[in-house]
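Notes for the structure review
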Amino acid sequence: MVKIAFNSALAQKALGKDVLVNEKDPETASVYRHESSTGRCLLTLLGLAFILTGLIVGGACVYRYFTPKKLYHGAMHFTEMDNEDIREPYYLPRIDEEVEIRDNVAIINIPSPHFSNGDPAYILHDFQQKLTAYLDLTLHTCFIIPLNTSVVMPPQDLLDLFMQLMSGSYKTYLVHEDLVVTERIDDVDELGFYIGRLCDGKETYRMQRRSEISGIQKRSAEDCFTIRHFENKFVTSTKICKA
Ligand SMILES: *[C@@H]1O[C@H](CO)[C@@H](O)[C@H](O)[C@H]1NC(C)=O
């Protein structure tokens, strides 16, 4: 609407000018009118191209960073022990997960488990930084440990696993893992963009496998909790203790 009004005003102005010039020299007048309208047209097109480019680039950025990525849902039933007797129980404990893959990062959402214990959590595996972060949603606390690539499947394999899980129920076994909090991390920015964003504003601690720690281990007075999850073809029960 604005454009039309603008054009008609200009047209009237140009018309008035033309009438005056026309009487003197019709040829120059027509050339003048032709050139100026071509210039205006090009400028308008250029402006529109700029606006369009801006919209497209802006839209792409908004899409890239602000729309939710595709989440893949998967569930595994598991037996507490490898050598559980053959008799089928009425139900097996089950872990549900949703995974999202972006860049070189797998973000796993674990809701409160049904028929099993364990805290709801986010687990982020950053293959670029080679770190894993557990955000315990009950404690609102982050726990960081080096990424264990012999347990965590790379992003593409993890997606393939979730594709497989969608096509039917999956029965597997449980593996225990024992981790101990070592030190507090004050600056989460040093942990890379994704973990930095996940753990921003939360208490954050570094962890180690218990088997790697030498010295006195006062197990009795410890404050421990468990997160049960999978990022391979078995379920891991991660016990985290604040020493
Ligand atoms: C990775 O996990 C496996 C199984 O829990 C364990 O045996 C191994 O020591 C871990 N590797 C590292 C580097 O922590």
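Coordinates for the structure precede this section.
An account of the accompanying structure is given in this report. (Residues numbered from 1 in each chain as written. Predicted model: local features only at pLDDT ≥ 70, side-chain atom pairs only at ≥ 80, totals over all residues. Heavy atoms only, no water.)

Describing the pairing of strand 6 (residues 141-146)
Taking burial as the measure, the six residues of strand 6 include five buried ones, the bulk of the element. With six bridges joining them, strand 5 (residues 131-136) and strand 6 adopt antiparallel strand pairing. Across the sheet, Thr-132 pairs through a bridge with Ile-145, a residue of strand 6. Between strand 5 and the antiparallel strand that follows it, strand 6, lie four residues; His-140 among them carries a positive phi value of about 55°. By the bridge criterion, four bridges tie strand 6 to strand 8 (residues 203-209) in an arrangement that is parallel. Looking at the pairing, Phe-143 lines up with Tyr-205 of strand 8. (Buried < 20%, exposed > 50% of the residue type's maximum accessible area, 1.4 Å probe, protein only. Helix = DSSP H or I, 4+ residues; strand = E, 2+ residues; numbered from the N terminus. Pairing = 2+ DSSP bridges.)

Notes on the environment of Leu-158
Its place among the elements puts Leu-158 in helix 3 (residues 155-166). According to the relative accessible area criterion, Leu-158 is buried, its value standing at 0%. Put simply, Leu-158 and Asn-232 are 74 residues apart on the chain and 7.2 Å apart in space, counted from C-alpha to C-alpha.

What about the state of the cysteines?
Within the structure shown, the criterion is met by two disulfides. With a sulfur-sulfur separation of 2.1 Å, Cys-142 is cross-linked through a disulfide to Cys-199. The disulfide joining Cys-142 to Cys-199 has a torsion of about -85° about its S-S bond and is therefore left-handed. Residue Cys-142 is located in strand 6, and its partner Cys-199 is located in helix 4 (residues 193-199); the two are separated by 57 residues in the primary sequence. The class for Cys-142 is buried, based on a relative accessible area of 0%. Exposure remark for Cys-199: the relative accessible area of 0% places this residue in the buried category. Note on cysteine connectivity: Cys-224 is disulfide-linked to Cys-241, with sulfurs 2.1 Å apart. The sign of the S-S torsion, about 110°, decides the handedness of the disulfide formed by Cys-224 and Cys-241: right-handed. Within this pair, whereas Cys-224 is found in strand 9 (residues 223-229), its partner Cys-241 is found in strand 10 (residues 235-242), the two being separated by 17 residues in sequence. On the basis of relative accessibility, which here comes to 0%, the residue Cys-241 falls in the buried class. In the chain, the cysteines engaged in disulfides, taken in order along the sequence, are linked 1-2, 3-4. (Disulfide = S-S within 2.5 Å.)

A few points about helix 3
With 12 residues, helix 3 should reach 16 Å at 1.5 Å per residue; the first-to-last C-alpha distance of 17 Å fits that figure. All of the buried residues along helix 3 are Pro-155, Leu-158, Leu-159, Leu-161, Phe-162 and Leu-165. The buried residues of helix 3 occupy an angular sector of 160° when the element is viewed end-on, so they sit on one face. The elements touched by buried residues of helix 3 are strand 1 (72-79), strand 2 (94-102) and strand 3 (105-110). (Expected span 1.5 Å × (residues − 1). Arc of directions from axis to C-beta. Contact = heavy atoms within 4.5 Å.)

Brief notes about the site of the ligand
Taken together, Asn-148, Ser-150, Val-151 and Arg-209 make up the full set of residues adjacent to the ligand. Measuring from an oxygen atom of the ligand, one finds a side-chain N or O atom of Arg-209 at 3.2 Å. Here the ligand loses 46% of its free accessible area of 360 Å² to cover by the protein chains. Classifying every residue of the shell around the ligand by side-chain character gives one nonpolar, two polar and one charged. (Near = heavy atom within 4 Å. Polar contact = N/O pair within 3.5 Å; in protein donor to acceptor, adjacent residues only side chain to side chain. Areas by Shrake-Rupley, 256 points an atom, 1.4 Å probe, with all protein chains shown as cover. Nonpolar A, V, L, I, M, F, W, Y, C, P; charged D, E, K, R; others polar.)

Details of the packing of aromatic side chains
Applying the stated rule across the entire model yields five aromatic pairs. Taking the centre distance of 6.1 Å and the plane angle of 25° together, the rings of Phe-143 and Tyr-205 count as stacked. Of the two residues, Phe-143 sits in strand 6 while Tyr-205 sits in strand 8, which places them 62 residues apart along the sequence. Judged by centre distance (5.7 Å) and plane angle (20°), the ring pair of Tyr-173 and Phe-234 falls under stacked. Placement of the pair is Tyr-173 in strand 7 (residues 171-184) and Phe-234 in the loop between strand 9 and strand 10, with a sequence separation of 61 residues. Of the aromatic side chains, those joined through ring pairs into one cluster are Phe-143, Tyr-205 and Phe-225. (Phe/Tyr/Trp six-rings, centres within 6.5 Å; stacked < 30°, edge-to-face > 60°.)

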